[in-house]
Amino acid sequence: MIPTEAHDQFEIPEVLPVVPVRDRVVYPYTIVPLLVSRPLSVFAVEEALADQRMVLLVAQKQAQDDLPGSADLYPVGTVGLVLRSRRLEDGRLKILVQGLVRGRLDKLVAESPHLRGRMSPIFSLPLSELSLETEATMRALSDRLKYFSELVPVPGPDVLVVLQGMQDPGRLADLVASNLPLKVEDSQQVLQSPDPIKRLRLVADLLQHEIDLVQTKNQIEDRVKEKMGKTQREYLLREQMKQIHTELGEDPQDDELAELQRRIEQSDMPDKARVEANKQWKRLAAMHTESAEAGTIRTYLDCLLELTWQRLSQDRLDLVRAKEILDRDHLGLDEAKDRVLEFLGVKKLNPENPGAILLLVGPPGVGKTSLGKAIAQALSRPFVRVSLGGIRDGAEIYGHRRTYIGSMPGRIMQGMKQADCINPVFLLDEIDKLGRDFSGDPAAALLEVLDPEQNGSFTDHYLNLPFDLSKVMFIATANRVDTIAGPLLDRMEEIYLPGYSCSEKMTIARQHLLPEQLTRAGLQADDLQLDDEVLLRIIERHTRESGLRNLERALAQICRKVARRFAEGHTSRQVLSLSDLRAYLGPTVHHPTEQDSEPPAGVVNGLAWTPVGGEILSVEVLAMAGRGQLILTGQLGEVMKESAQAALSYARSRADALGFNPEYFSSHDIHIHVPAGSIPKDGPSAGVTMTVALFSLLSGVPIPPNIAMTGEITLSGRLLPIGGIREKLLAALSAGIKEVFLPTANDEDLVDLPTEITTGLVLHQSATVESVLARLLGPKAPAPRSSVPRLATGQDPSDSRPRSSSHSSAGA
């Protein structure tokens, strides 16, 4: 596009035909060809040809709009003079237009049969003289366009010649912009700029951006060509090598096949596996080395040869040494340790006994995985760990058949390859978090793996050969057993690992956690001093849990801050006090139970078990006038709802015997709430808590907040045994509880409790809920009329309201 001088003698009408232009912007002082095809635009050009031959050329915002309106057009366009026109056979017009001046489309005065608009011309701001910076920018712009034309040919072949004598910065900017492959938005931004200096700088930036794009594109193309050239070169060299080997009578594939044959002969695989390996080797020898199936067979043979089929690691059946290792690495966990030592004793007397498959169950952080490592160390066997959490496909266990692309052995055989023997300690971690979907059930796939009667000939789908897993010591870990499939759970011997008490945590922190974190932080043992009082505060107020993970994180955080102090030049020994803990660990996370001097009636502390340890569960009961409904809130599960219903039924059946008016329940709604409402809760052990809370409300006798209880109730008032006693008592002790009521049937669970539980808590055992109520409510219970009134003489049985003005706590 070559610029031309606009003639000043043209008088531009105030109203002009408007021609919407798609995908381009026309600038003043340029001559451009346009193909007019839409009837809307054809009528506008025909009107211009019949009058003064002038049109307003305005760019469209969206090129796909066939009938654009005022909102679809940019506000600034260019007044153009139609120099020539020619009608084509299909009715379209081909015109040559010269840009005259910028024009602002003020308003469309007509939209049919074509667009007509009222416009006002926009003239460039006058320049008195060119500054040094402007001349430098113009010269730089010309040089950049010249360089750009070397990278990409510009549309106007003579544009560089015209640039030589161009002295108007505005016209120079328009000329350069008209010859760049800009987006419509960028071109319109140039057109709408009346200041020639700003327009010049804007075009310079756009030109530099286009240069960068072209350079980047050329670099990418060069890299692609180079890579293709390298591939072709390697192919030619490979073909030449083949010809050289052929001339010399050599074949490089023979060396690889010979090495595979040697490894097959020297391997310890059984006869059936060796026959299959030789069969696949012969297939490989008959194939071309570059074929896809040859690579699959080679990978299969490598997998067979990397497995250890018969080699056994030598067990060290020294029970004294094994006990020392277990006691050194783990405090407590006596049941698990005894079971391992029993396994070693049986193994020593009867080496052929496969033994049981252990399932270590306990809250997170109590040492299940580390106990598995200690067992492997005590046996002097290799340790292999496979995480099963989140696995939803049975092929992850069994492997994928070789008919699939990218097939591989399952997790079990990959672990056996890693063990390099056939009797490792194999840890199946997080077995309770197995999933299942349409691809299969991994729990079902594990049935064969964990069955001593079947795993002697376990067949992985990828290998398609029997493999002996009978000598593997399998250990599984889980946080809970209710999510494990019944048949799978039946194949394992469950060993429960309880949570740690505060004294045990302090011992472990002193002997293991703190020295390890000091070493990791690069500190010496005497660089940090933590008194027992400070360590106990960390355990109780910052890391209340059954395991040790949060305690380990807290100690690591303290050690990092101390290490930073030493790195900054403070070399004095750091002694932490209680007042320093906030600066090192932040505010207290867990607060002790507040002892309310006047607790409200109907609020009782219960005890709950969770997969991460014990918890205090508060139960609140409220009564209000109503129609005898039971309202339950706090996201309670079905079993817990049934416990609440049983508690209410028992209360209604025993109300008269305990001095309460039975008709009270038909005229009042009972609301039972268990905070916190966002946490789901379920289980039967809150039955006694709900019952006591209900009777506390009815009698108006508050239950002290330092008392907690747990137990399942029946409709006859018996207390049934529940689980998780140790965890619940540890939670009660940490929360500041002083007395705990338990079912008498849980006698066996109170054996071998930590000393701090037996000395820090007063444990009451009851066979019935009546004995619990008698101990808590006792003779100080309010008279029947002051709590829930009896029916007065002559009073209607349906009206249980008191005749006096004083209301009971149940009606409050």
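None of the values given here were measured: they were computed from a predicted structure.

**A word on the overall build of the protein chain**
- The helix and strand inventory of the protein chain stands at 26 helices and 24 strands.
- In the protein chain, buried positions account for 45% of the 812 residues.
- When the accessible surface of the protein chain is totalled, it reaches about 41,000 Å², and 51% of it is carbon and sulfur.

**Some remarks on the pattern of salt bridges**
- For the structure shown, the criterion picks out 29 salt bridges.
- Between D66 and R22 there is a salt bridge; the shortest N-O distance is 3.1 Å. Taken together, the residues D66 in the loop between β3 (54-59) and β4 (76-87) and R22 in the loop between β1 (15-21) and β2 (31-36) connect sequence positions 44 residues apart.
- Judged by relative accessible area, which is 46%, D66 ranks as partly exposed.

**Considerations on the side chain of R199**
- With respect to the secondary-structure elements, R199 resides in helix α6 (residues 196-248).
- Look at R199 and you get buried, because its relative accessible area is 1%.
- If sequence neighbours within four positions are ignored, R199 has contacts with R102, S124, G170, A173, D174, V190, S193 and P194.

**A few points about the packing of aromatic side chains**
- Under the counting rule described, the total for this entry stands at six aromatic pairs.
- The interplanar angle of 65 degrees and the centroid separation of 5.8 Å between the aromatic rings of Y300 and Y462 together place this pair among those described as edge-to-face. Residue Y300 is found in helix α9 (residues 292-306), and its partner Y462 is found in the loop between β10 (458-459) and β11 (466-467); the two are separated by 162 residues along the sequence.
- Of the residues examined, Y300 reaches a relative accessible area of 1% and is grouped as buried.
- Given a relative accessible area of 4%, Y462 falls into the buried group.
- Against the face of Y29 rests R171, its NZ or CZ located 3.8 Å from the ring centre.
- We note R402 situated over the ring of Y300; from NZ or CZ to the ring centre the distance is 3.8 Å.

**Structural notes on the sheet that holds strand β7 (residues 358-361)**
- If you trace the five strands from one edge of the open sheet to the other, you get β8-β9-β12-β7-β13, paired in parallel fashion. Two strands in the sheet have a free side with no partner beyond their single neighbour: β8 (383-387) and β13 (493-496). Between one strand and the next, the sheet's axes are offset by a mean angle of 25 degrees, whatever the strand orientation.
- Along the sheet face, helix α12 (residues 368-379) touches β7, β8, β9 (425-429) and β12 (473-478) and points at about 165 degrees away from the line of β12.

**Some words on the environment of T507**
- Along the chain, T507 falls in helix α17 (residues 502-520).
- Separated by 176 residues in the primary sequence, T507 and L331 have C-alpha atoms spaced 8.2 Å apart.
- A distance of 3.0 Å separates the side chain of T507 from the backbone oxygen of S503, its partner in a polar contact.

**Looking at the packing of helix α22 (residues 687-699) against helix α25 (residues 769-776)**
- Packing of α22 against α25 brings their axes to within 11 Å, and their N-to-C directions diverge by 45 degrees. Relative to α25, the element α22 lies oblique. The two elements α22 and α25 meet at a crossing, and its hand is right-handed. Contacts between α22 and α25 involve V688, T691, V692 and F695 from the former and V769, V772, L773 and L776 from the latter.
- Considering only residue class, the contact of α22 with α25 consists of seven nonpolar, one polar and no charged.

**Some details on a negative patch on the surface**
- Taken together, D334, E335, D338, E342, E494 and D752 make up a surface patch of like negative charges.
- It is helix α11 (residues 334-349) that provides the largest number of residues to the negative patch, a total of four residues.

**Some details on helix α4 (residues 169-178)**
- Burial of α4 is extensive: nine of the ten residues sit out of reach of the surface.
- What α4 keeps buried is the set P169, G170, L172, A173, D174, L175, V176, A177 and S178.
- The distance from a side-chain oxygen at the start of α4 to the backbone nitrogen of G170 is 3.0 Å, and the residue carrying that oxygen is D168.

**Some thoughts on the confidence of the model for the protein chain**
- Of the residues in the protein chain, 90% have a pLDDT of 70 or more, and the chain-wide mean is 82.
- Confidence, read as mean pLDDT per element, is least for helix α26 (residues 784-787) in the protein chain (34) and greatest for strand β23 (residues 739-743) (93).
- Note that residues 1-7 has pLDDT below 50 and, in this model, 26 contacts with residues that lie over four places away or in other chains.
- Low pLDDT, under 50, characterises residues 780-812; the predicted model gives this stretch 56 contacts beyond four residues in sequence or across chains.

**Some points on unusual backbone geometry**
- Of note, the amide linkage connecting S112 to P113 takes the cis form, showing an omega dihedral of 0 degrees.
- Along the polypeptide, P113 turns up in the loop between β5 (93-110) and β6 (115-122).
- With phi around 65 degrees, R53 is a residue other than glycine that occupies positive phi space.
- Structurally, R53 can be placed in the loop between α1 (39-50) and β3.

So, how was this worked out
- Residues numbered from 1 in each chain as written.
- Predicted model: local features only at pLDDT ≥ 70, side-chain atom pairs only at ≥ 80, totals over all residues.
- Heavy atoms only, no water.
- Helix = DSSP H or I, 4+ residues; strand = E, 2+ residues; numbered from the N terminus.
- Buried < 20%, exposed > 50% of the residue type's maximum accessible area, 1.4 Å probe, protein only.
- Areas by Shrake-Rupley, 256 points an atom, 1.4 Å probe, with all protein chains shown as cover.
- Salt bridge = Lys/Arg side-chain N within 4 Å of Asp/Glu carboxyl O.
- Contact = heavy atoms within 4.5 Å.
- Phe/Tyr/Trp six-rings, centres within 6.5 Å; stacked < 30°, edge-to-face > 60°.
- Lys NZ or Arg CZ within 6 Å of the ring centre and 35° of its normal.
- Pairing = 2+ DSSP bridges.
- Axes fitted to C-alpha atoms, helices over the stretch in contact; angles between N-to-C directions.
- Polar contact = N/O pair within 3.5 Å; in protein donor to acceptor, adjacent residues only side chain to side chain.
- Parallel < 35°, antiparallel > 145°, perpendicular 65-115°, else oblique.
- Left-handed = near helix turned anticlockwise from the far one by under 90°.
- Nonpolar A, V, L, I, M, F, W, Y, C, P; charged D, E, K, R; others polar.
- Patch = residues over 30% accessible without salt bridge, like charges linked within 9 Å, V, L, I, M, F, W, Y side chains within 5 Å.
- Lys, Arg positive; Asp, Glu negative; His and termini not counted.
- Charge placed at Lys NZ, Arg CZ, Asp CG, Glu CD.
- pLDDT = per-residue confidence, 0-100.

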